[in-house]
Number of protein chains: 2
Amino acid sequence: MDTNWSVRLDPETRTLGSRAASRLRELIRDGVLAPGTRLPAEPELARRLGVSRPTLRAAVTELIGDLLLVRRRGVGTFVSAAPRPAHGLERLTGTGRDIALRGQRPGTTGLRVRHVLANPALAAALCVEPGVPVVQLTRTRTADGVPVAHCADWVPTDLLPEPGALDAFGAEESLHDRLAALGLPLRQAVTRLVPVVPDADLRDRLDLASDAPLLLLEQRHFPVAPGDRVALFSRHWYDTARIDLQLVRRG
Amino acid sequence: MDTNWSVRLDPETRTLGSRAASRLRELIRDGVLAPGTRLPAEPELARRLGVSRPTLRAAVTELIGDLLLVRRRGVGTFVSAAPRPAHGLERLTGTGRDIALRGQRPGTTGLRVRHVLANPALAAALCVEPGVPVVQLTRTRTADGVPVAHCADWVPTDLLPEPGALDAFGAEESLHDRLAALGLPLRQAVTRLVPVVPDADLRDRLDLASDAPLLLLEQRHFPVAPGDRVALFSRHWYDTARIDLQLVRRG
DNA sequence: GAGTGGTCTAGACCACCAG
DNA sequence: TGGTGGTCTAGACCACTCC
């Protein structure tokens, strides 16, 4: 293995630490840094990446969060022996991007955009008054063509720059990206986990043979943090037999 | 409200940033910093707490993670309007402590400690050879006397200082605390979420009337990080009708 | 003792938001 | 325009691990 690599960071996107993290991710993915390898000491690694040590540490911490690296005090930093390919539920990304990160091809069927008035339950979830206008999106997500989740999303119309901003939403678009472009980034979500038995409609949409239970993720999304307005409420029903839902917990 | 407070940090525990975070937590809990209040600017706040600005920022970041504070660039840092009382699944604590943090009284019934040999499935989960000796704990957890989860835990015997180290495990003890005392802290877990229909045994142990689905948390616990030996494998079946399982996700 | 990661500091410059 | 948080740096000292 080439042990004398060094890299340059492209000067544009995100923070310097995240760019350094991306670069390390590539080096790991490409096998330059093989599983189990010890990385150079932090000052040396910082020098090679052209950043300061605190910035390098931010990058390494990010990769540790993704379970790609392990730090051992007084010993060194190592590439994980068996790195998990993607991240877990603790990280908030769009469903489509989540599927793509697993190495599968995301798709959408049965997309429908409607304008509705919030019923009491929905109003409570969105922290608005009942009867307030809301844009409702429903669609079924597929991974490599196999339906894995049915998704329903609701956005209060008054948070959009114009009421029809989502009317032309495309089947292959990312709702996260579209809302971010509209000035409604989804940075945080509080998610309730509920196992449910699918009804006939869900069985049909997900093409389920049995009535094995699904996992419902009921999520309130916030642009910055709770206390702000709820930007999006969603109910996503996952068929965990077809898509594994994992989570990394830290003490 | 007193707006001219300043504090000293006790010099002992944890990192300086965490101690500063604790101090801020107290100020919020005691109402010195009321919900919605803007905090002093970071350099000023750092001065009052007697730490540098990066250290203060670590403290504030910690409290933002606990949803107690909100940062707005160019505006200020604010105490959350409606802080959530407890944390979600993204944080790893023992089941008992988790129940206590919800303000309920944790309890245990049907505790049983057995020495078994790993079958192939268990061996794979623990990353050991089939037939390796393992200590198995099973118990049902209650909150205010109501059964909320049935738990099965497995620890490879060779990781214990002596094979019988868990034989005298008490019904009201914390397995997390006991393992930490034995030199096996559980700092991280990779959790699979699986909705399941309870069998007759589970219905009986959890005193369930219906066969509404449960949420199974299948967890591999690591002392430091993946790549290490699996210190504990567990299967916990939660009745989400009796105990709400939530999760905070960040983008 | 030599080398590693863990922590903390002081100071700088920038991007953003409000008046 | 002035104040805020966002980022980054260089350097220091400590605690731990291993030889």
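No experiment lies behind these values; they were computed from the predicted model shown.

Undergrad: Describe helix α3 (residues 53–65) of chain A, and please don't skip the residues or the numbers.
TA: All names here are of chain A. End to end, α3 covers 18 Å across 13 residues, agreeing with the expected 18 Å (1.5 Å per residue, within 8%). Contact partners of the buried residues in α3: α1 (16–29), α2 (42–49), β1 (69–72), β2 (76–79) and β9 (245–250). Residue Leu67 follows α3 closely and has a positive phi angle near 65°.

Undergrad: So what about the relation of the copies chain A and chain B? Which residues, and what values?
TA: For these two chains of identical sequence, chain A goes onto chain B by a turn of 179° and a shift of 0.1 Å along the axis, with RMSD 0.9 Å. In short, the pair behaves as if placed about a two-fold rotation axis. Both copies present the same face, since 95% of the interface residues in chain A are matched by interface residues at the equivalent positions in chain B.

Undergrad: Could you give me a rundown of the protein's contact with DNA strand C, with the residues and numbers involved?
TA: Around DNA strand C sit 23 residues in total, of which Arg53 of chain A together with Leu16, Ser52, Thr55 and Arg73 of chain B are the nearest. Among atoms of DNA strand C positioned within 4 Å of the protein, sugar and phosphate together represent 71%. Take Arg73 of chain B: an N or O atom from its side chain is 2.7 Å from a sugar or linking oxygen of DNA strand C. Looking at which element gives the most residues to the surface near DNA strand C, the answer is helix α3 (residues 53–65) of chain B, with three residues. For the surface near DNA strand C, the per-class residue count stands at six nonpolar, eight polar and nine charged.

Undergrad: Account for the protein's contact with DNA strand D, naming residues and giving values.
TA: Around DNA strand D sit 23 residues in total, of which Leu16, Ser52, Thr55 and Arg73 of chain A together with Arg53 of chain B are the nearest. What you see for DNA strand D is that sugar and phosphate hold 70% of its atoms within 4 Å of the protein. Thr55 of chain A is positioned such that a nitrogen or oxygen atom in its side chain is 2.5 Å from a phosphate oxygen of DNA strand D. Put simply, the parts of the chain that give the surface near DNA strand D at least two residues each are α1 and α3 of chain A together with α3, β1 (69–72) and β2 (76–79) of chain B. Looking at the surface near DNA strand D element by element, the count peaks at three residues for α3 of chain A. A per-class count over the surface near DNA strand D returns six nonpolar, eight polar and nine charged.

Undergrad: Could you give me a rundown of the interface of chain A and chain B, with the residues and numbers involved?
TA: Frequently, the measure chosen for interface size is the accessible area that the parts lose on association. With 39 residues of chain A at the contact, the number on the chain B side is 38 residues. Contact between chain A and chain B buries roughly 3,600 Å² in total, counting both sides, with carbon and sulfur atoms accounting for 55%. When the buried surface of chain A facing chain B is broken down by residue, Leu193, Leu247 and Arg249 of chain A rank first, second and third, together holding 21% of it. Where chain A packs against chain B, one counts two salt bridges. Between Arg192 of chain A and Asp244 of chain B there is a salt bridge, with the nearest N and O atoms lying 2.7 Å from each other. Counting across the interface, chain A meets chain B through 17 residue pairs in polar contact (both at pLDDT 80 or more). Of all the secondary-structure elements, those providing two or more residues to the side of chain A that touches chain B are β1, β6 (188–196), β7 (214–222) and β9 of chain A.

Undergrad: For the nonpolar core, give the residues involved together with the corresponding values.
TA: Residues Leu193 of chain A together with Leu193 of chain B are the most contacted members of the largest nonpolar core, which totals 26 residues. Of all elements in the fold, only β5 (146–156), β7 and β9 of chain A together with β5 (146–156), β7 (214–222) and β9 (245–250) of chain B reach the threshold of two or more residues within this core. In contact with Leu193 of chain A, not counting residues within four places along its chain, are Leu215, Leu216 and Leu217 of chain A together with Leu89, Leu193, Leu215, Thr240 and Leu245 of chain B.

Undergrad: Provide a residue-level description of helix α1 (residues 16–29) of chain B, including the pertinent values.
TA: Residues and elements named next belong to chain B. Taking 1.5 Å of rise per residue, 14 residues should cover 20 Å, and α1 covers 20 Å from first to last C-alpha, within 8% of that figure. Buried within α1 are the following residues: Gly17, Ser18, Arg19, Ala20, Ala21, Ser22, Leu24, Leu27 and Ile28. Contact partners of the buried residues in α1: α2 (42–49), α3, β1 and β2.

Undergrad: If you had to explain the side chain of Arg249 of chain B to someone new, which residues and values would you point to?
TA: Note on placement: Arg249 of chain B falls in strand β9. Buried Arg249 of chain B, no salt bridge; nearest opposite-charge side chain is Asp98 of chain A, N-O distance 5.3 Å. Among the polar contacts listed, one links the side chain of Arg249 of chain B to the backbone oxygen of Leu89 of chain A, at a separation of 2.6 Å. At a separation of 3.0 Å, a polar atom in the side chain of Arg249 of chain B contacts the main-chain carbonyl oxygen of Arg91 of chain A. Excluding anything up to four places from it in sequence, Arg249 of chain B contacts Leu89, Glu90, Arg91, Leu92, Thr93, Arg187, Gln188, Ala189, Thr191, Leu217 and Gln219 of chain A.

Undergrad: Explain the sheet that holds strand β8 (residues 232–238) of chain B to me, and be specific about the residues and the numbers.
TA: One open sheet holds the seven strands; their spatial order is β9(A)-β6(B)-β7(B)-β8(B)-β5(B)-β4(B)-β3(B), and the pairing between them is antiparallel. With partners counted over all chains shown, the strands left at the sheet margins are β9 of chain A together with β3 (106–117) of chain B, one partner each. When the angles between neighbouring strand axes are averaged without regard to direction, this sheet yields 20°. For strand β6 (residues 188–196) of chain B and β7 of chain B, the ladder comprises nine bridges, and the chain directions are antiparallel. Residue pairing for β7 of chain B: Gln188 of chain B is matched across the bridge by Phe222 of chain B.

Undergrad: Which residues make up the sheet that holds strand β3 (residues 106–117) of chain A, and what values go with them?
TA: With antiparallel pairing, the seven strands of this open sheet are ordered in space as β3(A)-β4(A)-β5(A)-β8(A)-β7(A)-β6(A)-β9(B). Since the sheet does not close on itself, it has two edges, and those belong to β3 of chain A together with β9 of chain B, each with one partner. Going from strand to strand, the sheet's axes swing by 20° on average, the running direction of each strand aside. For β5 of chain A and strand β8 (residues 232–238) of chain A, the ladder comprises six bridges, and the chain directions are antiparallel. Pairing of Cys151 of chain A across the sheet is with His236 of chain A, part of β8 of chain A.

Rules behind the numbers
What you see as residue numbers is a count from 1 along each chain, following the sequence as written. All chains are assigned letters beginning with A, and all ligands numbers beginning with 1, in the order in which they are written. Restriction of local features to residues with pLDDT of at least 70 applies here, the model being predicted, together with a cutoff of 80 or more for giving and counting side-chain atom pairs; totals for whole chains, interfaces and linings are based on all residues. Side-chain metrics rest on all non-hydrogen atoms present in the structure, leaving aside hydrogens and water. Runs of H or I in DSSP of at least four residues are treated as helices and runs of E of at least two as strands, each being numbered from the N terminus. Expected span, for any helix, means 1.5 Å times one less than how many residues it has. By the convention used here, residues are in contact when the closest approach between their heavy atoms is within 4.5 Å. The superposition of copies rests on a least-squares fit of C-alpha positions from residues with pLDDT of 70 or more in both. Here a residue counts as near a molecule or strand whenever at least one of its heavy atoms sits within 4 Å of it. Polar contact criterion, stated in full: a pair of N or O atoms within 3.5 Å, where within protein one must be able to donate a hydrogen and the other to accept it, and residues adjacent in sequence count only if both atoms are side-chain atoms. Residues are grouped as follows: nonpolar covers Ala, Val, Leu, Ile, Met, Phe, Trp, Tyr, Cys and Pro; charged covers Asp, Glu, Lys and Arg; every other residue, Gly included, is treated as polar. By definition, the buried area sums, over both parts, the 1.4 Å-probe accessible area that each loses when the two are put together. Here, a salt bridge means any side-chain nitrogen of Lys or Arg that lies within 4 Å of a carboxyl oxygen of Asp or Glu. Throughout, nonpolar core names a set of buried Ala, Val, Leu, Ile, Met, Phe, Trp, Tyr and Cys residues whose side chains join them through atoms within 4.5 Å. Type-normalised accessible area, obtained with a 1.4 Å probe on protein chains alone, sets the label of each residue: buried when under 20%, exposed when over 50%, and partly exposed for intermediate values. Positive residues here are Lys and Arg, negative ones are Asp and Glu, while His and the chain termini are left out of the count. Think of it this way: DSSP has to see at least two bridges between two strands before they count as a pair. What counts as an axis is a line fitted to C-alpha atoms, over the stretch in contact for a helix, and the angles between N-to-C directions run from 0 to 180 degrees.

So far we have only geometry, and geometry alone does not tell us how the molecule works.
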